[in-house]
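Read off the chains here:
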Amino acid sequence: MGESSNWTQLHAQLHRTLLHRKILPSHQRLLVAVSGGQDSLCLIKLLLDLQPKWGWNLGIAHCDHRWRSDSEASANHVEQLAKNWGISYYVETASDIPKTEAAARQWRYQALTEIAIAHNYPYIVTGHTASDRAETLLYNLIRGSGADGLSALTWTRPLLDFRLPIADFRLGNSGENPNSQISADFRLENQDENSQSKIQNLKSKIYLVRPLLEITRLQTGQFCQEEKLPIWEDSTNQDLQYTRNRIRSELLPYLETHFNPKAQQALAQTAELLRADVEYLELAASDLLQRAMSPIADNPQVNFQLPVKLNRRILREAPLALQRRSMRQLLQQILPSAPSFESVEKLTSLIVAPNRSQTDPFPGGAIGRVENPSIILARQARIPTT
């Protein structure tokens, strides 16, 4: 594929972004998620035009959720584009139609990861834009999210090999926890992507990369028009029963009309600033948690297997923000699902609570209690039946 004869501002911008951020190394195999919409078509065309400079081996992946009556035709449309461009094409079709946006997203990332593993692509590239980032910030703000949710949609993050059984960080051993062999990718996708603590003993095999986060949807649309790219319009994007579509079609245009004509760029910039803060706080909280954890007599190894013992003095010396984050990181490894704000708060409260204080059970049955100078997080004692 030769270099585009029409080298646009968007080509130059993406090239500079890749040089600066180093998120897509040269001479790598890249699996590009292409729905057929304007953002993904803009992405694949830009990558194709930059390919001579970077030496990538590109492939296209399409995920058919079967949500629309024309979904098969859409997949065929993308396949034809791949043939025209002379690059590999892979399609995955949902066996069961996802019932929610969250379920569709979870299935989509699992399908993309399956394709990447099967065909040796270490990078999955998606067409998320600054507009998506702005919408996600507003969506999470309305839901009551903290800085992690407001900084959602990062430039890159690891997708773990979901075929690798993950260590059971939760309640008891695998025999007591039927979900202990759940795939790493599936487990991560069930959590807020920005609320994941670092799992140090698992190696990432595949990275998800979003190189268009400084480019708006308006820009991708103009690019597709200028390059005469055949956009396949997704009718579900106009369905206002979905919150994100209402944010896109009603809330953001209102903000741009009445408050700031560059609201999308401003919100995306806010997300970028928050992301740097969140990354620093997550690392600091991880360090605090490691320093606060102590071995227990019958469990001499310091790890995330219950029971867990925490040094309250070390935790008390830290700011509340780090206390909360470290307790959330701990609960993420132990609970069967992502911890709620209430779960984090009740464990954090034990840092300064009186001796013998204890929580009610967390999901899965664990209880936290104060045994000065420590917090013990352990399984609830079972009452023998008579």
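Just above, that's the structure.
Predicted model only: the values in this text are computed from it and were never measured.

This part takes up the overall build of the chain. Check the secondary structure of the chain and you find 13 helices and ten strands. The proportion of buried residues among the 386 residues of the chain is 51%. For the chain, contacts bridging at least 24 residues in sequence account for 72% of all contacts bridging at least 6. About 19,000 Å² of surface is accessible on the chain, with carbon and sulfur atoms providing 51% of the total.

A separate point is the pattern of salt bridges. Across all of its chains, the model carries 20 salt bridges by this definition. The salt bridge partner of Glu-214 is Arg-21, with a shortest N-O separation of 3.6 Å. Remark: Arg-21 occurs in helix α1 (residues 9-21) and Glu-214 occurs in the loop between β6 (206-209) and α8 (217-227); sequence separation between them is 193 residues. Judged by its relative accessible area of 41%, Glu-214 is partly exposed. Put simply, Glu-282 and Arg-325 hold a salt bridge, and the shortest N to O gap is 2.8 Å. Within this pair, whereas Glu-282 is found in helix α10 (residues 263-292), its partner Arg-325 is found in helix α12 (residues 320-334), the two being separated by 43 residues in sequence. This pair shows no difference in class: Glu-282 is buried, exactly as Arg-325 is. If you follow the salt bridges from partner to partner, you end up with Asp-39, Asp-132, Glu-135, Arg-217 and Arg-248 in one network.

Another aspect to go through is the sheet that holds strand β1 (residues 29-33). With respect to topology, six strands assemble into an open sheet ordered β3-β2-β1-β4-β6-β5, the strand pairing being mixed. Unpaired on one side and paired on the other, β3 (88-93) and β5 (156-159) mark the two borders of the sheet. Looking at each pair of strands side by side, their axes are set apart by 25° on average, direction ignored. Bridge count between β1 and strand β2 (residues 57-64): five bridges; the pairing is parallel. Within β2, the residue paired with Leu-30 across the bridge is Leu-58.

Where α1 meets helix α2 (residues 38-54), the axes come as close as 10 Å, and the angle between the chain directions of the two elements is 65°. It follows from the interaxial angle that α1 and α2 lie roughly perpendicular. Between α1 and α2 lies a crossing of right-handed hand. Together, Leu-10, His-11, Leu-14, His-15, Leu-18 and Leu-19 of α1 and Cys-42, Leu-46, Leu-47, Asp-49, Leu-50, Lys-53 and Trp-54 of α2 make up the contact between the two elements. Within the contact of α1 with α2, the residues separate by chemical class into nine nonpolar, two polar and two charged.

Turning next to the pairing of strand β8 (residues 308-311). Looking along a regular strand, one sees side chains alternate from face to face of the sheet. Sheet analysis places strand β7 (residues 293-294) next to β8, joined by two bridges and oriented antiparallel. Along β8, the bridge assignment pairs Met-293 with Leu-310. Bridge count for β8 against strand β10 (residues 374-379) is four bridges, and the pairing is antiparallel. Each residue of the ladder has a partner; that of Lys-309, found in β10, is Ile-376.

This part covers α2. Between its terminal C-alpha atoms α2 stretches 23 Å, which fits the 24 Å expected from 17 residues at 1.5 Å a residue. Taken across its 17 residues, α2 has 14 buried, putting it largely inside the fold. After α2 finishes, the residue Gly-55 shows a positive phi value of roughly 70°.

Right, let's talk about the packing of α2 against α8 for a bit. Remark: α2 packs on α8, axes separated minimally by 9 Å, with the N-to-C direction vectors making an angle of 65°. Of the two possible hands of crossing, α2 and α8 adopt the one that is left-handed. Along its contact with α2, which presents Gln-38, Asp-39, Leu-41, Cys-42, Lys-45 and Leu-46, the element α8 presents Arg-217, Thr-220, Gly-221, Phe-223, Cys-224 and Glu-227. For the contact of α2 with α8, the residue count by class is five nonpolar, three polar and four charged.

About the thresholds
- Residues numbered from 1 in each chain as written.
- Predicted model: local features only at pLDDT ≥ 70, side-chain atom pairs only at ≥ 80, totals over all residues.
- Heavy atoms only, no water.
- Helix = DSSP H or I, 4+ residues; strand = E, 2+ residues; numbered from the N terminus.
- Buried < 20%, exposed > 50% of the residue type's maximum accessible area, 1.4 Å probe, protein only.
- Contact = heavy atoms within 4.5 Å.
- Areas by Shrake-Rupley, 256 points an atom, 1.4 Å probe, with all protein chains shown as cover.
- Salt bridge = Lys/Arg side-chain N within 4 Å of Asp/Glu carboxyl O.
- Pairing = 2+ DSSP bridges.
- Axes fitted to C-alpha atoms, helices over the stretch in contact; angles between N-to-C directions.
- Parallel < 35°, antiparallel > 145°, perpendicular 65-115°, else oblique.
- Left-handed = near helix turned anticlockwise from the far one by under 90°.
- Nonpolar A, V, L, I, M, F, W, Y, C, P; charged D, E, K, R; others polar.
- Expected span 1.5 Å × (residues − 1).

Just geometry here; none of it tells us what the structure is for.
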